[in-house]
Amino acid sequence: MEQKIKSGKEVIDEFFSEILNIEGVDEKTVEMLVKLYSDDKLTDTNIQNELDELKISALKTPKEDTDDKN
Amino acid sequence: MTKIKNLEINGLRGVKENLNLNLNKKSILIYGDNGTGKSSLTDSFEWFYNNHIAHLSTEEISGRGRDALRNIFISDDEDGYVNLNFDDKDLDAKKSIDGSNKIYISNNTDYFKEYILDSTSENLILRYRDLVEFIIATKTEKLNKLQEIIGFSEVAKIRTILRRNFGRIKRTIKSSDYDGRKSARQETILENLGRNAYSDEQLFDGVNDLIKPLKLKIVVKSRKDINEVIKEISSKEDSKLSDEINFYVRVKEVVSELKEISNTINTEYSNFYNGFQNLQKEPEKIKSLQLLALLKEGKSVLSKDVVEDDYCPLCLQEKSKVQLIQLMNLNNLQKKKNQLMSRQKSLRKLSNSK
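Residues numbered from 1 in each chain as written. Chains lettered and ligands numbered in written order. Predicted model: local features only at pLDDT ≥ 70, side-chain atom pairs only at ≥ 80, totals over all residues. Heavy atoms only, no water.

Helix and strand content of chain B: twelve helices and five strands. The proportion of buried residues among the 354 residues of chain B is 27%. For chain B, restricting intrachain contacts to residue pairs at least 6 apart in sequence, the fraction spanning at least 24 positions comes to 48%. Approximately 24,800 Å² of chain B is accessible, and the part contributed by carbon and sulfur atoms is 53%. (Helix = DSSP H or I, 4+ residues; strand = E, 2+ residues; numbered from the N terminus. Buried < 20%, exposed > 50% of the residue type's maximum accessible area, 1.4 Å probe, protein only. Contact = heavy atoms within 4.5 Å. Areas by Shrake-Rupley, 256 points an atom, 1.4 Å probe, with all protein chains shown as cover.)

Put into structure tokens, the structure is as follows:
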């Protein structure tokens, strides 16, 4: 009967430690989410700002140094 | 599990003189007529653990309900207090409030503080009103409440944040029409290379075939090489012509985006128009909205327990409090209001974009 029930925090911690293993996830996005969570800053605004940053840096550095000159 | 051995209350709420209950680590059920002091007991208990009494923390009573905590018949130099003895002696504590509403706790150990913190997160107090509200709540509200009780509200909060952002990203992708842009670029590739290119390798093969007649001594194996080729040929070409070609390619892309945007506007406008037509058919809805503010005020009065007896705070007629709370369940009305607000927003968006 004495069975260990996970607390809310344990469930979230587990989720964030395993999220990178989910197939098809974007590594940088996941790292960003994990970092925000561990810094206790996982809010809508912060996620939005970080996603914008990721988008900008992805546009700046495509696969190899090509660029859209148009 | 920690159990209470003895409970002693003095000079708090309706308890003027010493009330001593020897629980001996057992559960108890207390019943009695109105005004016999059942709530005084639970209020004192709630104050001990939560440092405030939720139903007394209203605008009318300052100090988070503290002003209504001391029994009004005790003298100013007498303290009101709760004294709890547990099966774990290290947790024994007496919490007092003096005549100037200053609070003292006899146990200041970290162990006790941790125990109080853990107890607070376990929602020890369940009031009759909470129970009634839970029974008449919607499924989502029930789920939220249960998550709160079992300490899963943080999970729900994070899930909501992630879901909301997922939805936002999905909408951004849709509204940016990446598919449309992709197919426009694919078309340009097809037009220029004479074949489709779904991978870098296919693109490089196409480019190599295309530049073969130019005899450039460059074999394209990477995107960098494409830049080299562009550099090489741009010096030999009429740059004005090249700019014009680029300009028309860009125009083509923008036109394809515009097509998608105008489709979105059409859909939004037709949703708004249909919503407006429906609203016109139901003038009752508008009347209900006008009553919303009044009903909300009534609900707030009821939920704060300002009215203690069974009568309606708006018309002062005799009504059962439970029935009133049920009647005041404004969820459906609120939903309708939200729908109307979102239609109004769409209209504003449309008129702004014009």
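Let us now look at a nonpolar patch on the surface. Residue and element names in this part refer to chain A. A contiguous nonpolar surface patch, about 310 Å² in accessible area, is contributed by Phe15, Leu20, Ile22 and Val25. Secondary-structure assignment places Val25 in the loop between helix H1 (8-18) and helix H2 (27-38). Overall, the relative accessible area of 31% leaves Val25 in the partly exposed class. (Patch = residues over 30% accessible without salt bridge, like charges linked within 9 Å, V, L, I, M, F, W, Y side chains within 5 Å. Salt bridge = Lys/Arg side-chain N within 4 Å of Asp/Glu carboxyl O.)

Sheet strands pair via backbone hydrogen bonds, and the direction of the pair is either parallel or antiparallel. Residue and element names in this part refer to chain B. Pairing within the open sheet is antiparallel, and its five strands lie in the order S2-S1-S3-S4-S5. This sheet does not close on itself; its edge strands, each paired only once, are strand S2 (19-22) and strand S5 (103-105). With direction set aside, neighbouring strand axes in the sheet form an average angle of 10°. Direction of pairing for strand S4 (residues 93-97) relative to S5: antiparallel, over a ladder of three bridges. Its bridge partner being in S5, Lys95 is matched across the sheet by Ile105. Taken strand by strand, helix H1 (residues 38-50) contacts strand S1 (4-10), S2, strand S3 (80-86), S4 and S5, and its axis lies near 75° from that of S3. (Pairing = 2+ DSSP bridges. Axes fitted to C-alpha atoms, helices over the stretch in contact; angles between N-to-C directions.)

Residue-level contacts link 18 residues of chain B with 22 residues of chain A. The junction of chain B with chain A conceals about 1,700 Å² of combined surface from both sides, 60% of it contributed by carbon and sulfur atoms. Three residues stand out in chain B for area buried against chain A, namely Ile158, Leu162 and Arg223 of chain B, and they jointly supply 28% of the buried area on that side. Applying the counting rule to chain B against chain A returns one salt bridge. Here Asp44 of chain A ties to Arg164 of chain B by a salt bridge, and the two come within 2.6 Å at their closest N and O atoms. Inspection of the region where chain B meets chain A yields three residue pairs in polar contact (both at pLDDT 80 or more). Among the secondary structure elements, those contributing two or more residues to the side of chain B that touches chain A are helix H5 (153-176) and helix H8 (223-234) of chain B. No other element matches the nine residues that H5 of chain B contributes to the side of chain B that touches chain A. Looking at the side of chain B that touches chain A, its residues break down into six nonpolar, five polar and seven charged. (Buried area = accessible area lost by both parts, 1.4 Å probe. Polar contact = N/O pair within 3.5 Å; in protein donor to acceptor, adjacent residues only side chain to side chain. Nonpolar A, V, L, I, M, F, W, Y, C, P; charged D, E, K, R; others polar.)

As a further point, take the nonpolar core. The tendency in soluble globular proteins is for nonpolar side chains to be buried side by side. Counting 22 residues, the largest nonpolar core has Phe48, Tyr49, Val82, Leu84 and Phe86 of chain B as its most contacted members. Elements represented by at least two residues in this core include exactly S1, H1, S3, S4 and helix H2 (110-121) of chain B. Residue contributions to this core peak at four residues, all from H1 of chain B. Ignoring sequence-local partners within four residues, the contact set of Val82 of chain B consists of Leu7, Glu8, Ile9, Leu12, Ser44, Trp47, Phe48, Ala93, Lys94 and Lys95 of chain B. Residues Phe16, Tyr37 and Ile47 of chain A together with Val155 of chain B belong to the second largest nonpolar core, which totals twelve residues. (Core = buried A, V, L, I, M, F, W, Y, C linked by side-chain atoms within 4.5 Å.)

Detailed reading of the predicted coordinates is not advisable wherever pLDDT falls low. Here chain B shows a mean pLDDT of 82. Residues at 70 or above account for 92%. In the predicted assembly, ipTM is 0.82 and pTM is 0.43. (pLDDT = per-residue confidence, 0-100.)

Attention shifts here to the packing of aromatic side chains. All names here are of chain B. For the coordinates displayed, the defined rule picks out eleven aromatic pairs over all chains. Taking 6.2 Å as the distance between ring centres and 75° as the angle between the ring planes, the aromatic pair formed by Phe48 and Phe112 counts as edge-to-face. Pair noted here: Phe48 is in helix H1 and Phe112 is in helix H2, with a separation of 64 residues, a long-range link. With relative accessibility at 4%, the residue Phe112 sits in the buried group. Residues Tyr49 and Tyr115 carry aromatic rings whose centres are separated by 6.0 Å and whose planes lie at 65° to one another, so their mutual orientation is edge-to-face. Of this pair, Tyr49 sits in helix H1 while Tyr115 sits in helix H2, and the two are 66 residues apart along the sequence. Note on accessibility: Tyr49 and Tyr115 belong to one class, buried. Stacked on the ring of Tyr81, the Lys or Arg Lys94 has its end atom at 4.1 Å from the ring centre. (Phe/Tyr/Trp six-rings, centres within 6.5 Å; stacked < 30°, edge-to-face > 60°. Lys NZ or Arg CZ within 6 Å of the ring centre and 35° of its normal.)

What follows covers helix H10 (residues 283-303) of chain B. All names here are of chain B. Spanning 21 residues, H10 covers 30 Å between terminal C-alpha atoms, matching the ideal 30 Å at 1.5 Å per step. Roughly 40° is the biggest bend found in H10, and it falls at Leu292. Restricting attention to buried positions, one finds in H10 the residues Leu292, Gly298 and Leu302. (Expected span 1.5 Å × (residues − 1). Bend = angle between axes of the 7 residues up to and from the residue.)

Take a positive patch on the surface next. Residue and element names in this part refer to chain B. On the surface, a cluster of positive charge is made up of Lys3, Lys5, Lys25 and Lys89. By the element assignment, Lys89 lies in the loop between S3 and S4. Given a relative accessible area of 63%, Lys89 falls into the exposed group. (Lys, Arg positive; Asp, Glu negative; His and termini not counted. Charge placed at Lys NZ, Arg CZ, Asp CG, Glu CD.)

The next point concerns the side chain of Arg70 of chain B. Residues and elements named next belong to chain B. Structurally, Arg70 is set in the loop between H1 and S3. Buried charged residue Arg70 carries no salt bridge. Nearest counter-charge: Asp76, at 4.4 Å. Polar contacts involving the side chain of Arg70 include one to the main-chain carbonyl oxygen of Ser75, which spans 3.1 Å. A polar contact of 3.2 Å, which involves the side chain of Arg70, links it to the backbone oxygen of Ile97. With residues up to four places along the chain from it excluded, the contact list for Arg70 reads Gly11, Arg13, Ser75, Asp76, Glu78, Asp79, Gly80, Ile97, Asp98, Gly99 and Asn101.

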